[in-house]
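Structure assessment
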Amino acid sequence: MKIQELKDLRHKLIMDCRALYDKVYQEEKREFTVEEDARYNQMMKDVGKHKIEIERVAALEEEEARMSHPTSTPEKPAPSGNAMNEKRNVYATDEYRKVFDNFLRGETDFRQIKTELRALQADSDVAGGYLTVPQLFFGELLRAVTSLVQIRSVGRVITLDRAESLGVPRLTNNMADADWTTELQTGSADTTLDFGKREIRPHPLAKKILVSKKLLTQAAISAEQVVRDELSRVVGEAEENAFMTGSGSGRPLGLFTVSSDGIPATRDVSTGNTTTTITFDGLKTAKGTLKRQYRNARTRWVFHRDAITQISKLKDGEGRYIWEDSVQVTEPDRILGIGVIESEFAPNTFTTGQYVGLVGDMFFYWIVDAANMQLARAQELYIETNQDLFLVRKETDGTPVMSEAFVRVKLA
(Lines give C-alpha, C1' and ligand atoms only; values in the text may rest on other atoms or scores of the structure.)
Protein backbone atom coordinates (compact mmCIF):
# COMPACT_ATOMS: atom_id res chain seq x y z
CA MET A 1 0.00 0.00 0.00
CA LYS A 2 1.32 3.47 -0.89
CA ILE A 3 2.05 6.18 1.66
CA GLN A 4 -0.82 8.42 0.58
CA GLU A 5 -3.30 5.54 0.86
CA LEU A 6 -2.02 4.78 4.35
CA LYS A 7 -2.26 8.45 5.32
CA ASP A 8 -5.84 8.63 4.03
CA LEU A 9 -6.77 5.48 5.93
CA ARG A 10 -5.18 6.82 9.13
CA HIS A 11 -6.94 10.15 8.73
CA LYS A 12 -10.31 8.40 8.28
CA LEU A 13 -9.76 6.38 11.46
CA ILE A 14 -8.95 9.55 13.40
CA MET A 15 -12.07 11.25 12.09
CA ASP A 16 -14.15 8.17 13.01
CA CYS A 17 -12.72 8.31 16.55
CA ARG A 18 -13.60 11.99 16.82
CA ALA A 19 -17.10 11.41 15.48
CA LEU A 20 -17.75 8.57 17.95
CA TYR A 21 -16.36 10.54 20.89
CA ASP A 22 -18.36 13.69 20.06
CA LYS A 23 -21.55 11.71 19.50
CA VAL A 24 -21.33 9.99 22.89
CA TYR A 25 -19.87 12.73 25.10
CA GLN A 26 -21.01 15.93 23.40
CA GLU A 27 -24.38 15.06 21.91
CA GLU A 28 -25.72 12.28 24.12
CA LYS A 29 -23.87 13.34 27.32
CA ARG A 30 -23.05 9.82 28.48
CA GLU A 31 -20.16 7.36 28.89
CA PHE A 32 -18.99 4.83 26.31
CA THR A 33 -20.71 1.46 26.33
CA VAL A 34 -18.46 -1.61 26.51
CA GLU A 35 -18.82 -2.11 22.74
CA GLU A 36 -18.15 1.56 21.96
CA ASP A 37 -15.10 1.64 24.22
CA ALA A 38 -13.67 -1.48 22.55
CA ARG A 39 -14.35 -0.03 19.10
CA TYR A 40 -12.71 3.30 19.99
CA ASN A 41 -9.63 1.64 21.51
CA GLN A 42 -9.22 -0.65 18.48
CA MET A 43 -9.42 2.31 16.08
CA MET A 44 -6.78 4.19 18.10
CA LYS A 45 -4.50 1.13 18.04
CA ASP A 46 -4.95 0.97 14.26
CA VAL A 47 -4.06 4.68 14.05
CA GLY A 48 -0.78 3.96 15.82
CA LYS A 49 -0.04 0.93 13.63
CA HIS A 50 -0.67 2.92 10.44
CA LYS A 51 1.68 5.68 11.64
CA ILE A 52 4.48 3.14 12.15
CA GLU A 53 3.72 1.54 8.76
CA ILE A 54 3.83 4.96 7.05
CA GLU A 55 7.26 5.65 8.56
CA ARG A 56 8.55 2.23 7.49
CA VAL A 57 7.25 2.59 3.92
CA ALA A 58 8.80 6.08 3.71
CA ALA A 59 12.16 4.73 4.92
CA LEU A 60 11.94 1.79 2.51
CA GLU A 61 11.17 4.03 -0.47
CA GLU A 62 14.09 6.25 0.46
CA GLU A 63 16.40 3.21 0.59
CA GLU A 64 15.10 1.88 -2.73
CA ALA A 65 15.66 5.26 -4.37
CA ARG A 66 19.20 5.35 -3.02
CA MET A 67 19.94 1.79 -4.15
CA SER A 68 18.66 2.51 -7.65
CA HIS A 69 21.12 5.41 -8.05
CA PRO A 70 24.57 4.04 -7.14
CA THR A 71 27.36 6.54 -6.75
CA SER A 72 29.76 6.78 -9.68
CA THR A 73 32.78 6.95 -7.36
CA PRO A 74 33.36 3.96 -5.07
CA GLU A 75 33.92 4.74 -1.42
CA LYS A 76 37.52 4.36 -0.35
CA PRO A 77 39.22 4.81 3.01
CA ALA A 78 40.60 8.28 3.66
CA PRO A 79 44.35 8.48 2.97
CA SER A 80 46.49 8.39 6.04
CA GLY A 81 50.14 8.19 6.88
CA ASN A 82 49.37 5.95 9.84
CA ALA A 83 49.67 2.28 8.88
CA MET A 84 47.36 1.13 11.67
CA ASN A 85 44.60 3.50 10.49
CA GLU A 86 44.98 2.17 6.94
CA LYS A 87 44.50 -1.39 8.17
CA ARG A 88 41.49 -0.39 10.24
CA ASN A 89 39.85 1.24 7.20
CA VAL A 90 40.01 -2.01 5.24
CA TYR A 91 36.32 -2.42 6.15
CA ALA A 92 35.49 0.53 3.89
CA THR A 93 37.11 -0.90 0.75
CA ASP A 94 35.36 -2.39 -2.27
CA GLU A 95 37.49 -5.55 -1.93
CA TYR A 96 36.20 -6.18 1.58
CA ARG A 97 32.58 -5.60 0.52
CA LYS A 98 32.97 -8.20 -2.25
CA VAL A 99 34.23 -10.76 0.26
CA PHE A 100 31.40 -9.87 2.62
CA ASP A 101 28.81 -10.22 -0.16
CA ASN A 102 30.14 -13.70 -1.01
CA PHE A 103 29.90 -14.54 2.69
CA LEU A 104 26.23 -13.47 2.81
CA ARG A 105 25.30 -15.35 -0.35
CA GLY A 106 27.16 -18.49 0.69
CA GLU A 107 29.05 -18.63 -2.60
CA THR A 108 32.38 -19.47 -0.96
CA ASP A 109 33.16 -21.55 2.12
CA PHE A 110 34.52 -19.92 5.24
CA ARG A 111 38.05 -21.31 4.79
CA GLN A 112 38.39 -19.51 1.47
CA ILE A 113 36.92 -16.32 2.96
CA LYS A 114 39.47 -16.45 5.78
CA THR A 115 42.27 -16.74 3.20
CA GLU A 116 40.97 -13.73 1.28
CA LEU A 117 40.61 -11.68 4.44
CA ARG A 118 44.12 -12.45 5.65
CA ALA A 119 45.39 -10.78 2.50
CA LEU A 120 43.37 -7.69 3.37
CA GLN A 121 43.94 -7.69 7.13
CA ALA A 122 47.63 -8.07 7.80
CA ASP A 123 47.14 -6.86 11.38
CA SER A 124 44.65 -9.48 12.61
CA ASP A 125 43.24 -12.92 11.81
CA VAL A 126 39.55 -13.65 11.31
CA ALA A 127 38.20 -14.55 14.73
CA GLY A 128 35.91 -17.46 15.51
CA GLY A 129 33.81 -17.56 12.38
CA TYR A 130 32.64 -13.94 12.72
CA LEU A 131 33.19 -11.33 10.03
CA THR A 132 33.29 -7.63 10.87
CA VAL A 133 30.70 -5.93 8.68
CA PRO A 134 31.84 -3.25 6.19
CA GLN A 135 31.69 0.37 7.37
CA LEU A 136 29.07 1.30 4.77
CA PHE A 137 26.89 -1.66 5.85
CA PHE A 138 27.19 -0.58 9.49
CA GLY A 139 26.25 3.02 8.65
CA GLU A 140 23.22 1.96 6.63
CA LEU A 141 22.11 -0.40 9.39
CA LEU A 142 22.22 2.40 11.97
CA ARG A 143 20.17 4.58 9.61
CA ALA A 144 17.54 1.83 9.32
CA VAL A 145 17.53 1.22 13.09
CA THR A 146 17.05 4.95 13.65
CA SER A 147 13.73 4.81 11.78
CA LEU A 148 12.57 2.14 14.24
CA VAL A 149 14.14 3.43 17.47
CA GLN A 150 13.10 7.07 17.58
CA ILE A 151 15.40 8.00 20.47
CA ARG A 152 18.34 7.47 18.09
CA SER A 153 17.02 10.20 15.77
CA VAL A 154 16.84 12.83 18.54
CA GLY A 155 19.47 11.62 21.02
CA ARG A 156 23.22 12.13 20.82
CA VAL A 157 24.85 9.16 19.05
CA ILE A 158 28.63 8.62 19.25
CA THR A 159 30.47 5.90 17.30
CA LEU A 160 33.80 4.54 18.57
CA ASP A 161 36.29 2.72 16.32
CA ARG A 162 36.24 -0.20 18.70
CA ALA A 163 34.65 -1.23 22.01
CA GLU A 164 36.46 1.35 24.13
CA SER A 165 34.92 3.18 27.06
CA LEU A 166 33.83 6.79 27.18
CA GLY A 167 33.72 8.69 30.47
CA VAL A 168 30.71 11.00 30.62
CA PRO A 169 30.83 13.86 33.14
CA ARG A 170 27.54 14.24 35.01
CA LEU A 171 26.56 17.37 36.96
CA THR A 172 25.40 16.19 40.40
CA ASN A 173 25.00 19.56 42.11
CA ASN A 174 24.59 22.99 40.56
CA MET A 175 26.75 25.96 41.50
CA ALA A 176 25.22 28.27 44.11
CA ASP A 177 23.95 31.71 43.05
CA ALA A 178 26.49 34.50 42.52
CA ASP A 179 26.96 36.99 45.37
CA TRP A 180 26.04 40.65 45.27
CA THR A 181 29.19 42.45 46.29
CA THR A 182 31.22 45.65 45.88
CA GLU A 183 33.71 46.77 43.26
CA LEU A 184 36.71 45.51 45.23
CA GLN A 185 35.21 42.24 46.51
CA THR A 186 35.11 38.91 44.63
CA GLY A 187 32.33 37.07 46.46
CA SER A 188 32.54 33.78 48.33
CA ALA A 189 34.09 30.61 46.91
CA ASP A 190 31.55 28.05 45.66
CA THR A 191 31.38 24.75 47.55
CA THR A 192 28.29 23.13 45.98
CA LEU A 193 29.29 22.50 42.34
CA ASP A 194 30.01 18.81 41.92
CA PHE A 195 30.54 16.43 39.02
CA GLY A 196 30.14 12.68 38.86
CA LYS A 197 30.98 10.35 35.98
CA ARG A 198 29.39 7.23 34.49
CA GLU A 199 31.63 5.23 32.20
CA ILE A 200 29.90 4.34 28.94
CA ARG A 201 31.29 1.13 27.49
CA PRO A 202 29.56 -0.48 24.48
CA HIS A 203 28.11 -3.79 25.65
CA PRO A 204 27.69 -6.81 23.35
CA LEU A 205 24.18 -7.40 22.01
CA ALA A 206 23.78 -10.81 20.35
CA LYS A 207 20.83 -11.83 18.16
CA LYS A 208 19.96 -14.67 15.79
CA ILE A 209 17.97 -14.27 12.57
CA LEU A 210 16.82 -16.72 9.89
CA VAL A 211 16.93 -15.68 6.23
CA SER A 212 15.67 -17.60 3.19
CA LYS A 213 18.47 -19.03 1.03
CA LYS A 214 16.44 -18.12 -2.06
CA LEU A 215 16.31 -14.46 -1.04
CA LEU A 216 20.07 -14.40 -0.49
CA THR A 217 20.91 -15.92 -3.86
CA GLN A 218 18.44 -14.08 -6.12
CA ALA A 219 20.51 -11.99 -8.53
CA ALA A 220 17.98 -9.14 -8.55
CA ILE A 221 18.04 -8.76 -4.77
CA SER A 222 20.90 -7.34 -2.71
CA ALA A 223 21.98 -9.87 -0.09
CA GLU A 224 23.23 -6.99 2.03
CA GLN A 225 19.83 -5.30 1.96
CA VAL A 226 17.98 -8.50 2.90
CA VAL A 227 20.22 -9.17 5.90
CA ARG A 228 20.32 -5.51 6.92
CA ASP A 229 16.52 -5.25 6.91
CA GLU A 230 16.23 -8.27 9.21
CA LEU A 231 18.98 -7.00 11.51
CA SER A 232 17.39 -3.56 11.80
CA ARG A 233 14.25 -5.21 13.15
CA VAL A 234 15.80 -7.54 15.74
CA VAL A 235 18.50 -5.10 16.84
CA GLY A 236 16.09 -2.15 16.91
CA GLU A 237 13.62 -3.90 19.21
CA ALA A 238 16.34 -5.05 21.63
CA GLU A 239 17.89 -1.58 21.76
CA GLU A 240 14.61 0.25 22.32
CA ASN A 241 13.74 -2.10 25.18
CA ALA A 242 17.09 -1.32 26.84
CA PHE A 243 16.87 2.43 26.19
CA MET A 244 13.52 2.41 28.01
CA THR A 245 14.02 0.08 30.96
CA GLY A 246 17.63 -1.20 30.85
CA SER A 247 19.36 -1.74 34.21
CA GLY A 248 22.67 -0.14 33.21
CA SER A 249 24.52 -3.31 34.19
CA GLY A 250 25.98 -4.93 31.07
CA ARG A 251 23.46 -3.00 28.97
CA PRO A 252 22.19 0.60 28.50
CA LEU A 253 20.67 2.52 31.40
CA GLY A 254 17.01 3.14 30.60
CA LEU A 255 14.98 6.32 30.82
CA PHE A 256 12.47 4.66 33.17
CA THR A 257 15.12 3.15 35.45
CA VAL A 258 15.62 5.00 38.74
CA SER A 259 19.36 5.60 39.16
CA SER A 260 21.71 8.19 40.61
CA ASP A 261 23.82 7.60 37.47
CA GLY A 262 20.89 8.52 35.22
CA ILE A 263 17.50 9.88 36.27
CA PRO A 264 16.85 9.76 40.04
CA ALA A 265 13.43 9.55 41.71
CA THR A 266 13.55 13.29 42.38
CA ARG A 267 12.63 13.81 38.70
CA ASP A 268 9.30 11.96 39.10
CA VAL A 269 6.03 13.94 38.97
CA SER A 270 2.57 12.59 39.84
CA THR A 271 0.72 15.79 40.83
CA GLY A 272 -2.62 16.07 39.05
CA ASN A 273 -2.85 12.43 37.93
CA THR A 274 -5.22 9.92 39.49
CA THR A 275 -4.25 6.45 40.71
CA THR A 276 -5.32 4.90 37.39
CA THR A 277 -5.29 7.61 34.71
CA ILE A 278 -3.18 10.38 33.20
CA THR A 279 -4.89 13.77 33.34
CA PHE A 280 -4.58 17.07 31.52
CA ASP A 281 -3.41 18.72 34.75
CA GLY A 282 -0.83 15.97 35.27
CA LEU A 283 0.65 16.54 31.81
CA LYS A 284 0.73 20.31 32.36
CA THR A 285 2.56 19.76 35.66
CA ALA A 286 5.14 17.49 34.03
CA LYS A 287 5.80 19.97 31.23
CA GLY A 288 6.03 22.84 33.71
CA THR A 289 8.57 20.92 35.80
CA LEU A 290 10.94 20.82 32.82
CA LYS A 291 13.10 23.95 32.65
CA ARG A 292 12.68 26.19 29.60
CA GLN A 293 16.12 25.40 28.14
CA TYR A 294 15.13 21.73 27.87
CA ARG A 295 11.93 22.47 25.93
CA ASN A 296 13.12 22.66 22.32
CA ALA A 297 12.96 20.86 18.96
CA ARG A 298 14.60 17.74 20.45
CA THR A 299 12.17 17.46 23.37
CA ARG A 300 9.80 14.49 23.27
CA TRP A 301 7.09 12.83 25.31
CA VAL A 302 7.56 9.05 25.55
CA PHE A 303 4.42 6.92 25.98
CA HIS A 304 3.11 3.42 25.32
CA ARG A 305 0.18 3.25 22.87
CA ASP A 306 -2.16 2.42 25.79
CA ALA A 307 -1.23 5.73 27.41
CA ILE A 308 -1.66 7.51 24.08
CA THR A 309 -5.17 6.08 23.81
CA GLN A 310 -5.98 7.66 27.18
CA ILE A 311 -4.41 10.99 26.34
CA SER A 312 -6.10 11.23 22.93
CA LYS A 313 -9.46 11.57 24.74
CA LEU A 314 -8.38 14.50 26.94
CA LYS A 315 -9.63 18.04 26.34
CA ASP A 316 -8.64 21.44 27.71
CA GLY A 317 -10.98 23.84 29.49
CA GLU A 318 -12.31 25.09 26.14
CA GLY A 319 -13.32 21.60 25.02
CA ARG A 320 -10.43 21.23 22.56
CA TYR A 321 -8.47 18.01 22.26
CA ILE A 322 -4.91 18.37 23.56
CA TRP A 323 -3.67 15.68 21.14
CA GLU A 324 -2.39 17.19 17.86
CA ASP A 325 -2.09 14.81 14.89
CA SER A 326 0.93 15.29 12.65
CA VAL A 327 0.26 16.62 9.15
CA GLN A 328 3.53 15.33 7.67
CA VAL A 329 5.09 11.86 7.83
CA THR A 330 8.38 13.28 9.10
CA GLU A 331 6.72 15.25 11.92
CA PRO A 332 5.64 13.65 15.22
CA ASP A 333 2.19 13.88 16.78
CA ARG A 334 2.18 16.43 19.61
CA ILE A 335 0.88 16.94 23.13
CA LEU A 336 0.97 20.51 24.51
CA GLY A 337 3.22 21.47 21.60
CA ILE A 338 5.82 18.75 22.28
CA GLY A 339 6.42 15.81 19.91
CA VAL A 340 5.52 12.26 20.96
CA ILE A 341 7.55 9.04 20.76
CA GLU A 342 5.35 5.94 20.88
CA SER A 343 7.15 2.88 22.21
CA GLU A 344 5.89 -0.63 22.87
CA PHE A 345 8.53 -0.85 25.61
CA ALA A 346 7.40 2.19 27.61
CA PRO A 347 5.55 1.32 30.87
CA ASN A 348 1.81 0.68 30.54
CA THR A 349 0.68 -0.52 33.97
CA PHE A 350 -1.94 1.96 35.17
CA THR A 351 -1.89 1.49 38.93
CA THR A 352 -0.83 3.58 41.92
CA GLY A 353 2.73 4.93 41.80
CA GLN A 354 3.66 3.40 38.43
CA TYR A 355 5.50 5.20 35.63
CA VAL A 356 3.34 5.90 32.59
CA GLY A 357 5.45 8.31 30.55
CA LEU A 358 8.28 10.79 30.33
CA VAL A 359 9.12 14.17 28.82
CA GLY A 360 12.64 15.40 28.19
CA ASP A 361 15.34 16.77 25.93
CA MET A 362 16.55 13.61 24.21
CA PHE A 363 19.89 15.18 23.26
CA PHE A 364 20.89 14.40 26.84
CA TYR A 365 20.37 10.67 26.26
CA TRP A 366 23.75 9.57 24.89
CA ILE A 367 24.10 6.42 22.77
CA VAL A 368 27.57 5.01 22.12
CA ASP A 369 28.16 2.37 19.42
CA ALA A 370 31.28 0.36 18.64
CA ALA A 371 31.87 0.21 14.88
CA ASN A 372 33.27 -3.35 14.89
CA MET A 373 29.90 -5.09 14.46
CA GLN A 374 30.31 -8.79 13.63
CA LEU A 375 28.23 -11.36 11.77
CA ALA A 376 28.46 -15.17 11.69
CA ARG A 377 26.58 -17.61 9.48
CA ALA A 378 25.36 -21.24 9.78
CA GLN A 379 24.21 -22.80 6.53
CA GLU A 380 23.30 -26.35 7.59
CA LEU A 381 21.24 -26.02 10.79
CA TYR A 382 18.01 -25.10 8.99
CA ILE A 383 18.60 -26.86 5.70
CA GLU A 384 15.15 -28.52 5.87
CA THR A 385 13.45 -25.11 5.79
CA ASN A 386 15.91 -23.74 3.20
CA GLN A 387 17.15 -21.01 5.57
CA ASP A 388 20.49 -19.70 6.77
CA LEU A 389 21.07 -18.69 10.39
CA PHE A 390 22.92 -15.42 11.02
CA LEU A 391 24.39 -14.53 14.43
CA VAL A 392 25.05 -10.85 15.00
CA ARG A 393 27.14 -9.15 17.68
CA LYS A 394 26.67 -5.41 17.99
CA GLU A 395 28.08 -3.38 20.87
CA THR A 396 26.08 -0.46 22.26
CA ASP A 397 25.57 1.49 25.46
CA GLY A 398 23.32 4.38 26.40
CA THR A 399 22.57 6.60 29.39
CA PRO A 400 20.89 9.85 30.42
CA VAL A 401 23.70 12.34 31.16
CA MET A 402 21.70 15.28 32.59
CA SER A 403 18.93 14.30 34.98
CA GLU A 404 17.25 17.71 35.06
CA ALA A 405 16.63 17.43 31.30
CA PHE A 406 13.99 14.74 32.01
CA VAL A 407 10.73 14.46 33.96
CA ARG A 408 9.03 11.09 34.47
CA VAL A 409 5.24 10.94 34.67
CA LYS A 410 3.81 8.82 37.50
CA LEU A 411 0.31 8.00 38.66
CA ALA A 412 -0.79 9.27 42.08
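Please refer to the structure higher up on the page.
So, here is what we can say about the structure in this document. Fair warning: this is a prediction, and the values are worked out from it, not measured in the lab.

How each quantity is defined
- In every chain, residue numbers begin from 1 and rise along the written sequence.
- It should be noted that, the model being predicted, local features are given only for residues of pLDDT at least 70 and side-chain atom pairs only at 80 or more, the latter also being counted only at that level, while totals for whole chains, interfaces and linings use all residues.
- Excluded from the side-chain calculations are hydrogens and water; all other atoms, namely the structure's heavy atoms, are used.
- Strands are runs of DSSP state E lasting at least two residues, helices are runs of H or I lasting at least four, and both sets are numbered from the N terminus onward.
- Using a 1.4 Å probe on the protein chains alone, a residue whose accessible area is under 20% of its type maximum counts as buried, one over 50% counts as exposed, and one in between counts as partly exposed.
- Two N or O atoms count as a polar contact when they lie within 3.5 Å, although within protein this holds only if one can serve as hydrogen donor and the other as acceptor, and sequence-adjacent residues are included solely when both atoms are side-chain atoms.
- Each Phe, Tyr or Trp ring, with Trp reduced to its six-membered ring, pairs with another whose centre is within 6.5 Å; inter-plane angles below 30 degrees give stacked pairs, above 60 give edge-to-face pairs, and intermediate values give tilted ones.
- Whether a charge lies above a ring is judged from NZ of Lys or CZ of Arg, which has to be within 6 Å of the ring centre and within 35 degrees of the ring normal.
- Think of it this way: DSSP has to see at least two bridges between two strands before they count as a pair.

All right, on to the side chain of Arg 152 then. Note that Arg 152 resides in helix α7 (residues 150-154). Classification of Arg 152 as buried rests on a relative accessible area of 5%. Among the polar contacts made by the side chain of Arg 152, one reaches the side chain of Asp 369 at a distance of 2.8 Å.

Moving on: the packing of aromatic side chains. What the rule picks out here adds up to ten aromatic pairs. When the ring of Tyr 21 is compared with that of Tyr 321, the centres are 5.4 Å apart and the planes differ by 65°; the resulting orientation is edge-to-face. Of this pair, Tyr 21 sits in helix α1 (residues 3-27) while Tyr 321 is found in the loop between α11 (305-311) and β8 (323-324), placing the two residues 300 residues apart along the sequence. Since its relative accessible area comes to 9%, Tyr 21 is described here as buried. Between the aromatic rings of Tyr 25 and Phe 32, the centroid separation amounts to 5.2 Å while the plane-to-plane angle is 75°, which identifies the pairing as edge-to-face. Clustering of aromatic rings is evident, with ring pairs tying together Tyr 21, Tyr 25, Phe 32, Tyr 40 and Tyr 321. Over the ring of Trp 366 we find Arg 156; its NZ or CZ atom is 4.5 Å from the centre of that ring. One residue, Lys 315, lies across the ring of Tyr 321, its end atom 4.7 Å from the ring centre.

Remember that side chains alternate between the two faces of the sheet whenever the strand is regular. Of all the 14 residues making up strand β14 (residues 387-400), eleven are buried; the element is thus mostly covered by neighbouring parts of the structure. Bridge analysis of strand β5 (residues 203-212) against β14 gives ten bridges, and the strand direction is antiparallel. Paired with Ser 212 across the bridge in β14 is Gln 387. Summarising the sheet, strand β12 (residues 365-370) and β14 pair through five bridges and their orientation is antiparallel. Bridging from a neighbouring strand, Asp 369 pairs with Thr 396 of β14. Examined bridge by bridge, strand β13 (residues 374-378) and β14 share five bridges and lie antiparallel to one another. Paired with Arg 377 across the two strands is Phe 390, which belongs to β14.

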